[in-house]
Amino acid sequence: MPADKVFKQINQVGLVVKDLQKSMEHYWNDFGIGPWDIFTFEHPLVQDMTIKGEPTQYRMKLALARMGKVTIELI
């Protein structure tokens, strides 16, 4: 089935990046996407943390910016 029949609109696009700061700068300088809001998710804010189904603790930073009606998420 064609994508336009399944999805009515795109609200958010998430990209996993190696370097959050460099990626934010790249998207801002090269594409004008920004400003960025940065969030850190870790214990105790996030409770049931798992990786591949196994309980563990980790820290994750992400950045969000708007591009029209679409949220761009760098993880």
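Residues numbered from 1 in each chain as written. Predicted model: local features only at pLDDT ≥ 70, side-chain atom pairs only at ≥ 80, totals over all residues. Heavy atoms only, no water.

## Topic: the overall build of the chain
For the chain, the count of helices and strands is two helices and six strands. Each helix and strand of the chain, ordered N terminal to C terminal, gives the series α-β-α-β-β-β-β-β. Along the longest, intermediate and shortest principal axes, the C-alpha atoms of the chain span 35 × 35 × 20 Å. Across the 75 residues that make up the chain, the buried fraction comes to 20%. Taking as baseline every contact in the chain between residues at least 6 positions apart, the subset at least 24 positions apart corresponds to 48%. Carbon and sulfur atoms provide 55% of the accessible area of the chain, an area that totals close to 6200 Å². Of the charged side chains in the chain, 9 are positive and 9 negative; the average position of the first set lies 6 Å away from that of the second. (Helix = DSSP H or I, 4+ residues; strand = E, 2+ residues; numbered from the N terminus. Buried < 20%, exposed > 50% of the residue type's maximum accessible area, 1.4 Å probe, protein only. Contact = heavy atoms within 4.5 Å. Areas by Shrake-Rupley, 256 points an atom, 1.4 Å probe, with all protein chains shown as cover. Lys, Arg positive; Asp, Glu negative; His and termini not counted. Charge placed at Lys NZ, Arg CZ, Asp CG, Glu CD.)

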